[in-house]
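Structural description and commentary
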Amino acid sequence: MTDVDANFYTGQAFGTHFVDGTGRVACNFNPAMGGCVLTATPHRAPGTMPVCAGSDTAMPYTAVGWRTASELQTEAPTTCRTLDKVFNMPLGPGPDGTFKDAALPAHSRITIRTSFDDPAAAIVCESRKSGLRCTNSAGHGFFVGTGGLEVY
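**A look at the nonpolar core**
By size, the foremost hydrophobic cluster in this structure holds 20 residues, and its most contacted members are F18, F29, C36, I110, C125 and L132. Taken together, the elements giving at least two residues each to this core come down to strand 3 (25–30), strand 4 (33–38), strand 5 (62–66), strand 7 (108–113), strand 8 (122–128), strand 9 (131–136) and strand 10 (141–145). By residue number, the principal contributor to this core is strand 3, which donates 3 residues. Sequence-distant contacts of F29, that is, excluding residues within four places in its chain, are made with G15, T16, F18, G34, G35, C36, W66, L72, I112, I123, C125 and C134.

**Re the state of the cysteines**
A full pass over the atoms with the stated rule returns 2 disulfides. C27 shares a disulfide with C36; S-S distance 2.0 Å. Disulfide C27-C36: the torsion about the S-S bond is 100 degrees, which places it as right-handed. By the burial criterion, C27 is buried, and C36 matches it. Note on cysteine connectivity: C125 is disulfide-linked to C134, with sulfurs 2.1 Å apart.

**Some points on the pairing of strand 4**
Of all the 6 residues making up strand 4, 5 are buried; the element is thus mostly covered by neighbouring parts of the structure. Summarising the sheet, strand 3 and strand 4 pair through 6 bridges and their orientation is antiparallel. Across the sheet, the residue bridging to A26 is V37, located in strand 4. Where strand 3 folds back on strand 4, the antiparallel hairpin that results is connected by 2 residues. Here strand 4 runs beside strand 5; their pairing, made up of 5 bridges, is antiparallel. Each bridged residue has a counterpart across the sheet, and for C36 the counterpart in strand 5 is V64.

**Observations concerning the packing of aromatic side chains**
For the coordinates displayed, the defined rule picks out 5 aromatic pairs. For the pair F8 and Y9, a centre-to-centre distance of 4.9 Å together with 85 degrees between the ring planes defines the contact as edge-to-face. Of the residues examined, Y9 reaches a relative accessible area of 5% and is grouped as buried. With a centroid separation of 6.4 Å and an interplanar angle of 45 degrees, the aromatic rings of F29 and W66 are classed as tilted. Note that F29 is positioned in strand 3 and W66 in strand 5, a separation of 37 residues in sequence. Classification of W66 by relative accessible area gives buried; the value is 1%. Three or more aromatic residues joined by ring pairs make a cluster, and in this case those are F8, Y9, F18, F29, W66 and F142.

**Topic: the side chain of N136**
For N136, the location among the structural elements is in strand 9. A polar contact is formed between the side chain of N136 and the backbone nitrogen of A138, at a distance of 3.1 Å. When near neighbours in sequence (up to four residues on either side) are disregarded, N136 contacts W66, E71, L72, Q73, T74, E75, A122 and I123.

**Description of the pattern of salt bridges**
Enumeration over the complete set of coordinates arrives at 3 salt bridges. Linking R109 and D3 is a salt bridge whose minimum nitrogen-to-oxygen distance equals 2.8 Å. Of the two residues, R109 sits in strand 7 while D3 sits in strand 1 (residues 2–4), which places them 106 residues apart along the sequence. Among the residues examined, R109 registers a relative accessible area of 24% and is labelled partly exposed. You can call D3 exposed: its relative accessible area is 51%. Of the charged contacts, one joins R109 and E126 as a salt bridge, the two residues approaching to 3.4 Å between their closest N and O atoms. Of this pair, R109 sits in strand 7 while E126 is found in strand 8, placing the two residues 17 residues apart along the sequence.

Reading guide: rules and limits
Residues numbered from 1 in each chain as written. Predicted model: local features only at pLDDT ≥ 70, side-chain atom pairs only at ≥ 80, totals over all residues. Heavy atoms only, no water. Core = buried A, V, L, I, M, F, W, Y, C linked by side-chain atoms within 4.5 Å. Buried < 20%, exposed > 50% of the residue type's maximum accessible area, 1.4 Å probe, protein only. Helix = DSSP H or I, 4+ residues; strand = E, 2+ residues; numbered from the N terminus. Contact = heavy atoms within 4.5 Å. Disulfide = S-S within 2.5 Å. Pairing = 2+ DSSP bridges. Phe/Tyr/Trp six-rings, centres within 6.5 Å; stacked < 30°, edge-to-face > 60°. Polar contact = N/O pair within 3.5 Å; in protein donor to acceptor, adjacent residues only side chain to side chain. Salt bridge = Lys/Arg side-chain N within 4 Å of Asp/Glu carboxyl O.

Pasting the structure below:
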């Protein structure tokens with residue numbers, strides 16, 4: 001596993017943002033919130049999934065992540081259907097359904113600080129052949145792979 005510099009993925013828009021190797025998982029993290037949107041067909045949200053931000057207009061994309069700074073550091077992530085499929089990404093998905101933001105290389109790990117006051121507070125995302133895993137400093141997180149989405 002190769003460590004990558006989070007600064008390379010920070011600055012084009014608010015937060016640290018990247019896509020997985022397939023281009024179908026787009027992530028955006030900052031000290032207040034963070035998570036990923038899954039655009040691949042196997043990750044389409046079921047009809048019973050709650051909608052992000054309280055809207056009644058569900059989109060066919062699943063979002064997984066943390067909605068507050070406190071959750072980001074201590075809680076398990078939640079899932080919902082997104083209001084807009086670009087999830088605050090500077091570059092939305094192209095005609096082929098993939099995001100065009102900077103890709104996290106295969107077999108790499110990125111560490112994103114989630115607190116200005118606590119250097120130990122971080123989200124670590126690992127890009128593996130089997131999928132993308134993101135975990136907070138309390139050990140909670142999610143895994144997106146060919147088998148779907150797992151939240152822990």
